[in-house]
Amino acid sequence: MTEKASYTIDVQVETRFVPDQSKPGDNRYVFAYTVTLRNDGDVPARLLGRHWIITDANGKVEEVRGEGVVGEQPWMRPGDDYEYTSGAVLETAVGTMHGSYEMLADDGTRFEAPIPAFTLSIPRTLH
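Residues numbered from 1 in each chain as written. Predicted model: local features only at pLDDT ≥ 70, side-chain atom pairs only at ≥ 80, totals over all residues. Heavy atoms only, no water.

## Overview of the nonpolar core
Nonpolar side chains tend to gather and get buried jointly when the protein is soluble and globular.
1) Next: Judged by nonpolar contacts, the single largest core of 30 residues is most densely connected at Leu37, Trp52, Tyr84, Tyr101 and Met103.
2) Next: Only strand S1 (9-17), strand S2 (29-39), strand S3 (45-56), strand S6 (81-90), strand S7 (94-105) and strand S8 (110-121) provide two or more residues apiece to this core.
3) Next: Setting aside residues no more than four positions away along its own chain, Tyr84 makes contact with Tyr33, Thr34, Val35, Leu37, Trp52, Val69, Val70 and Tyr101. (Core = buried A, V, L, I, M, F, W, Y, C linked by side-chain atoms within 4.5 Å. Buried < 20%, exposed > 50% of the residue type's maximum accessible area, 1.4 Å probe, protein only. Helix = DSSP H or I, 4+ residues; strand = E, 2+ residues; numbered from the N terminus. Contact = heavy atoms within 4.5 Å.)

In structure tokens:
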């Protein structure tokens, strides 16, 4: 009996507020986030697409779906890392994001890599 391959993408996110692009008086808060993906599975895989759910402090929810990330569809061998930086614009000083990446392993298996929820907030907003 053969062991089933493991399909695991670890996702880590770091965020920062971008004050020079934000205009709080106009309810415009810009955040950058850097995502590091690591293929912790047994099979090489390509990131095909993304699905984000972005929620601001007013409860406004925006869903974003698209191909790849920052114009790329990275292929990662087991143990490989891939990092990119993107951004989000909210109408409030605090919000959250979560979602998933659609992955395709080299053996033809499609799987989802969950993106754990993380918080976007201007400094000194949350304790």
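Having seen the model, we can carry on.
## A short note on the sheet that holds S6
1) Next: Here we have 3 strands laid out as an open sheet, ordered S1-S2-S6, and antiparallel in their pairing. The sheet terminates laterally at S1 and S6, the two strands that pair on one side only. Between one strand axis and the next, the sheet turns by 20° as a mean value, whatever way the strands run.
2) Next: Sheet topology note: the S2/S6 ladder contains 10 bridges and is antiparallel. (Pairing = 2+ DSSP bridges. Axes fitted to C-alpha atoms, helices over the stretch in contact; angles between N-to-C directions.)

## Comments concerning the side chain of Asp56
1) Next: Tracing the sequence through the fold places Asp56 in strand S3.
2) Next: Of the buried charged residues, Asp56 lacks a salt bridge, with Lys60 as the closest side chain of opposite charge at 5.4 Å.
3) Next: Of the polar contacts made by the side chain of Asp56, one reaches the backbone nitrogen of Asn58; its length is 2.8 Å.
4) Next: Among the polar contacts listed, one links the side chain of Asp56 to the backbone nitrogen of Lys60, at a separation of 3.0 Å.
5) Next: Discounting chain neighbours no more than four positions away, the residues touching Asp56 are Leu90, Glu91, Thr92, Val94 and Gly95. (Lys, Arg positive; Asp, Glu negative; His and termini not counted. Salt bridge = Lys/Arg side-chain N within 4 Å of Asp/Glu carboxyl O. Polar contact = N/O pair within 3.5 Å; in protein donor to acceptor, adjacent residues only side chain to side chain.)

## Looking at the packing of aromatic side chains
1) Next: Summed over the entire model, instances satisfying the criterion amount to 7 aromatic pairs.
2) Next: With a centroid separation of 6.0 Å and 50° between ring planes, the pair formed by Tyr33 and Phe118 is classed as tilted. Placement of Tyr33 in strand S2 and of Phe118 in strand S8 is noted, with a sequence separation of 85 residues between them.
3) Next: The exposure class assigned to Tyr33 is buried, which follows from its relative accessible area of 4%.
4) Next: Each residue in the set Tyr33, Trp52, Tyr101 and Phe118 is aromatic and connected to the rest through ring pairs, giving one cluster. (Phe/Tyr/Trp six-rings, centres within 6.5 Å; stacked < 30°, edge-to-face > 60°.)

## Some details on the environment of Ser6
1) Next: Mapped onto the secondary structure, Ser6 falls in the segment before S1.
2) Next: With relative accessibility at 26%, the residue Ser6 sits in the partly exposed group.
3) Next: Once the C-alpha coordinates of Ser6 and Pro114 are considered, the two residues, 108 residues apart in sequence, prove to be 15 Å apart.
4) Next: If we skip the residues at most four places from it in the chain, Ser6 touches Asp40, Gly41, Asp42 and Val43.

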